[in-house]
Amino acid sequence: MWNYPQIDPVAISLGPIAIHWYALSYLVGISMVWWHLTRRSKVYGSKTPALKGGPIQLNDEQISDMIFYGVLGVILGGRVGYMLFYGQQELIQNPLSIFTVWKGGMSFHGGMLGVFIAAFLFARKQNTTFFHITDFIAPSIPIALGMGRIGNFVNAELPGRLTDVPWAVIYPGDVVARHPSSLYQAMLEGPILFLILWLFTRQPRPLVSVSGMFMVGYGCLRFTSEFFREPDLHLGFIAFDWLTTGQLLCMPMVLFGLALLVYSYNNRDQGLFPDKKVSTHQKH
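Residues numbered from 1 in each chain as written. Predicted model: local features only at pLDDT ≥ 70, side-chain atom pairs only at ≥ 80, totals over all residues. Heavy atoms only, no water.

Novice: Please clarify how helix α5 (residues 130-137) should be interpreted in this entry.
Specialist: For an α-helix the count is 3.6 residues per turn, leaving residues at separations of three or four pointing the same way. For α5, the tally of buried residues reaches seven of eight residues, placing the bulk of the element in the interior. Residues of α5 that are buried: F131, H132, I133, T134, D135, F136 and I137. (Buried < 20%, exposed > 50% of the residue type's maximum accessible area, 1.4 Å probe, protein only. Helix = DSSP H or I, 4+ residues; strand = E, 2+ residues; numbered from the N terminus.)

In structure tokens form, the structure reads like this:
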């Protein structure tokens, strides 16, 4: 058992400008995803193509554009999703609170919907398909998720449920020991999910299957980690004295992911979206 370390949420202060550790965790995560997507496009793009449609290889400018679309989707979708799923009362009392991203409060499920919209818009711009883009980016997403959860821990967010395990944490302002649930989620949603997707994509897979595997993998891991995370006080358990909002949001995600996997493998020899071609040109 140990006391939560006293961490100043502000990493760098330059006069009126304050850069928070939470923001830095997102920047580091986005930078690492950027690097990994570039590597996947150049190294793995020609070696692990979808069974139908060929590999997806984007040049540096295209990847930069995709990151820009994705970041907007994560920030806008994540914040709006958090306020709608978890912060309805705060939003009603102070509508401007939706813009206070630096205080924490980002919803993965909202961010995922934001990224879906961004991927759709980017795919149209590149004259390719939505699932060519989501299959390409899915294996890189756990990198950012893991870093985001570390940001949650630095912010002393997502305290866990009461426990007496040796690694329990006493959070600031608390007198009881809890699971460090944000660290559990950092491990599950980061390295473990990354490993699952890396192993899955080592062999050529049908179009749509990687997106489906991501949704199933994340949904199951998040559902599990929620058993160690204290429900939001203003929400509590929403059913059965154990089901949380996060678990409820994961259920349709897992079901939809399974449906994508079944659909993908049932149609792998027929071709999906044959009227679209993946953009593979390289700019020199």
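Still more to cover.
Novice: Any chance you could explain helix α7 (residues 181-200) here in plain terms?
Specialist: Over its 20 residues, α7 extends 27 Å from the first C-alpha to the last, a length consistent with the 28 Å expected when each residue adds 1.5 Å. The principal kink in α7, of about 30°, is found at L193. Along α7, the residues classified as buried are S181, S182, Y184, Q185, A186, L188, E189, G190, L193, L197 and F200. Lining the buried residues of α7 we find α6 (141-154), α8 (209-225) and α9 (245-266). (Expected span 1.5 Å × (residues − 1). Bend = angle between axes of the 7 residues up to and from the residue. Contact = heavy atoms within 4.5 Å.)

Novice: Just to check I follow, could you spell out unusual backbone geometry for this structure?
Specialist: One can expect most non-glycine residues to show negative phi and most peptide bonds to be in trans. For A156, which is not glycine, the phi torsion reads 60° and is therefore positive. Note on placement: A156 falls in the loop between α6 and β4 (169-170). Residue classification places A156 among the partly exposed positions, given a relative accessible area of 27%. We note that D241 has phi near 65°; this positive angle belongs to a residue other than glycine. Mapped onto the elements of the fold, D241 is located in the loop between α8 and α9. Taking relative accessible area as the criterion, D241 reaches 70% and is therefore assigned exposed.

Novice: Explain the side chain of E157 to me, please; I cannot follow it from the model alone.
Specialist: Of note, E157 is situated in the loop between α6 and β4. Buried and without a salt bridge, E157 has R149 as its closest oppositely charged side chain, separated by 7.0 Å. Within polar-contact distance, the side chain of E157 engages the side chain of N152 at 2.6 Å. (Lys, Arg positive; Asp, Glu negative; His and termini not counted. Salt bridge = Lys/Arg side-chain N within 4 Å of Asp/Glu carboxyl O. Polar contact = N/O pair within 3.5 Å; in protein donor to acceptor, adjacent residues only side chain to side chain.)

Novice: Explain the confidence of the model for the protein here, please?
Specialist: Detailed conclusions should not be drawn from predicted coordinates in areas where pLDDT is low. Here the protein averages 84 in pLDDT, while 86% of its residues score no lower than 70. Ignoring residues within four places in sequence, the model shows residues 46-54, a span with pLDDT below 50, making 24 contacts including any to other chains. Per-residue pLDDT stays below 50 along residues 271-284; that stretch engages in 36 contacts with residues further than four places along the chain or on separate chains. (pLDDT = per-residue confidence, 0-100.)

Novice: In this structure, what is going on with the environment of N152? I would like to understand it.
Specialist: Assignment of secondary structure puts N152 in helix α6. For N152, the residues in contact, after removing those within four places along its chain, are Y22, E157, L158 and S182.

Novice: Please clarify how the environment of A186 should be interpreted in this entry.
Specialist: Inspection of the secondary structure assignment puts A186 in helix α7. Residue A186 is classed as buried on the basis of its relative accessible area of 9%. In this structure, the C-alpha to C-alpha distance between A186 and F153, residues 33 residues apart in sequence, is 9.0 Å. With residues near it in sequence (within four places) discarded, A186 still touches G146, R149, I150 and P191.

Novice: What should I look at first to understand the pairing of strand β3 (residues 17-20) in this one?
Specialist: The side chains of a regular strand alternate, first on one face of the sheet and then on the other. One ladder, built from four bridges, connects strand β2 (residues 10-14) with β3; its direction is antiparallel. Following the sheet pairing, I12 is matched in β3 by I19. Between β2 and β3, which follow one another and run antiparallel, lie two residues, and G15 among them has a positive phi close to 65°. (Pairing = 2+ DSSP bridges.)

Novice: How should the packing of aromatic side chains be read in this particular structure?
Specialist: Centre distance and the angle of the planes are the two values used to describe a pair of aromatic rings. In this structure the tally under the stated criterion is 16 aromatic pairs. Their ring planes at 20° and their centres at 5.7 Å tell us that Y4 and Y171 sit as a pair that is stacked. One end of the pair, Y4, is in the loop between β1 (2-3) and β2; the other, Y171, is in the loop between β4 and α7, with 167 residues separating them in the sequence. With 5.3 Å between their ring centres and 55° between their planes, Y22 and Y26 make a pair best called tilted. Here Y26 and Y22 lie together in helix α1 (residues 21-44), a separation of four residues that amounts to about one turn. Judged by its relative accessible area of 4%, Y22 falls in the buried class. Under the relative-accessibility criterion, Y26 is labelled partly exposed at 25%. Ring pairing ties together the aromatic residues W2, Y4, F153 and Y171, which thus form one cluster. (Phe/Tyr/Trp six-rings, centres within 6.5 Å; stacked < 30°, edge-to-face > 60°.)

Novice: Which parts of the structure should I look at to understand the nonpolar core?
Specialist: Generally speaking, a soluble globular protein has its nonpolar side chains buried in company with each other. Formed by 21 residues in total, the largest nonpolar core has its most connected members in F108, L145, L193, F214, M215, Y218 and M253. For this core, the elements supplying multiple residues, two or more each, are α4 (108-126), α7, α8 and α9. By residue number, the principal contributor to this core is α8, which donates seven residues. Sequence-distant contacts of M215, that is, excluding residues within four places in its chain, are made with M112, F116, M253, V254, F256, G257 and L260. Grouped together as the second largest cluster of nonpolar side chains are 14 residues, I67, V115, A119 and I137 included. (Core = buried A, V, L, I, M, F, W, Y, C linked by side-chain atoms within 4.5 Å.)

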